Amino acid sequence: SHVTIIDTIVLVSLFIIYMYFTSKVESEHVELVGPARAMGVLENAPRRSLVLGMLAFAAMTLVSGVLPVSQAWLTKLIIDGVVESLQAGRSAGEGFRLVLPYILAEFGLILVGSVNGQLRYLVDKLIDHRLGHLINTRIIRKALSLEARWFEDADYYDKMQKARRQSEYRVMAIVRAGYAVVLHL
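Every chain is numbered on its own, with residues counted from 1 as its sequence reads. Selection of residues for local features in this predicted model requires a pLDDT of at least 70, selection of side-chain atom pairs for listing and counting requires 80 or more, and totals for whole chains, interfaces and linings are taken over all residues. Based on all heavy atoms of the structure, the side-chain values leave hydrogens and waters out of the count.

**So, the packing of helix 3 (residues 44-88) against helix 4 (residues 92-145)**
Rules: Axes here mean lines fitted to C-alpha atoms, for a helix over just the part in contact, with angles spanning 0 to 180 degrees between N-to-C directions. Only runs of H or I of at least four residues qualify as helices and only runs of E of at least two qualify as strands under DSSP, and these elements are numbered from the N terminus. Any angle between 65 and 115 degrees counts as roughly perpendicular, while under 35 counts as roughly parallel, over 145 as roughly antiparallel, and the rest as oblique. If you view the pair so one helix is near and one far, a crossing is left-handed when the near helix is turned anticlockwise from the far one by less than a right angle, and right-handed when it is turned clockwise. When residues are sorted by character, Ala, Val, Leu, Ile, Met, Phe, Trp, Tyr, Cys and Pro go into the nonpolar class, Asp, Glu, Lys and Arg into the charged class, and all the rest, Gly among them, into the polar class.
One can describe the packing of helix 3 onto helix 4 by two numbers: an axis separation of 8 Å at closest approach and a directional angle of 160°. The angle between helix 3 and helix 4 places the two elements in the roughly antiparallel class. Pair helix 3 / helix 4 crosses with left-handed handedness. Its residues placed into classes, the contact of helix 3 with helix 4 shows 23 nonpolar, 12 polar and 5 charged.

Below, the structure written as structure tokens:
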């Protein structure tokens, strides 16, 4: 009733094969909306880098969600090792050698958590910058295509200014909120 490492390898391999074949299939044009539309108008290279960044951010978010559970499990193993050493009457040195692998693993998880947090922050800022630049560029292109009378309309001009200001944080805030839900499950 549990998934072994072999099951995981098989499932991940099947997923990779599925993704490979679905990427080769011709697809029909679909009308995109929201952030997907913003990403869809990018050239292939910037779009791929943005998608890879978002996938990296998602993976780092999952790692952030798994770390506390892993650390708690290792702490349990350390405590169990100390209790076992005391009950078996081992010396302090022998008990320490018994739990040393768990202590090193715990230290490794703390290091991974720290590096993961910094990388997540970096990727977050890079994606935020990329999306903000994309949306601001589209707003400026739209503004350049407008006649002067549109800029004289205060409501329309205010909407464009509001869209430009919100493009700097709104899209990534939505993405962050989605990842926060996964992180706190």
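**Here we look at the pattern of salt bridges**
Convention followed: Definition used for salt bridges: Asp or Glu carboxyl oxygen within 4 Å of a side-chain nitrogen of Lys or Arg. In this scheme, a residue with accessible area under 20% of its type's maximum is buried, one over 50% is exposed, and one in between is partly exposed, where area comes from a 1.4 Å probe on protein chains only.
In total, this model carries 2 salt bridges according to the counting rule given. A salt bridge links Lys 76 to Asp 80; the shortest N-O distance between them is 2.4 Å. Of this pair, Lys 76 and Asp 80 both sit in helix 3, 4 residues apart, which is roughly one turn of the helix. Overall, the relative accessible area of 44% leaves Lys 76 in the partly exposed class. You can call Asp 80 partly exposed: its relative accessible area is 35%. Between Arg 90 and Glu 84 there is a salt bridge, and its shortest N-O distance comes to 3.6 Å. Taking relative accessible area as the criterion, Glu 84 reaches 42% and is therefore assigned partly exposed.

**Some remarks on the nonpolar core**
To keep it simple, the criterion reads: Among buried residues, those of type Ala, Val, Leu, Ile, Met, Phe, Trp, Tyr and Cys that are joined through side-chain atoms within 4.5 Å constitute a nonpolar core. In this description, contact between two residues means that some pair of their heavy atoms is separated by no more than 4.5 Å.
Leu 50, Met 54, Phe 57, Met 60, Val 123, Ile 127, Leu 131, Met 172, Val 175 and Tyr 179 form the largest nonpolar core, which has 10 residues in total. For this core, the secondary structure elements donating two or more residues are helix 3, helix 4 and helix 7 (170-183). Here this core takes 4 residues from helix 3, the largest share from any one element. Those residues in contact with Phe 57 that sit more than four places away from it in its chain are Arg 120, Val 123, Asp 124, Ile 127 and Tyr 179. Membership of the second largest hydrophobic core comes to 5 residues, among which are Ile 135, Ile 139, Ala 143 and Leu 146.

On their own, these measurements won't tell you what the molecule is for.
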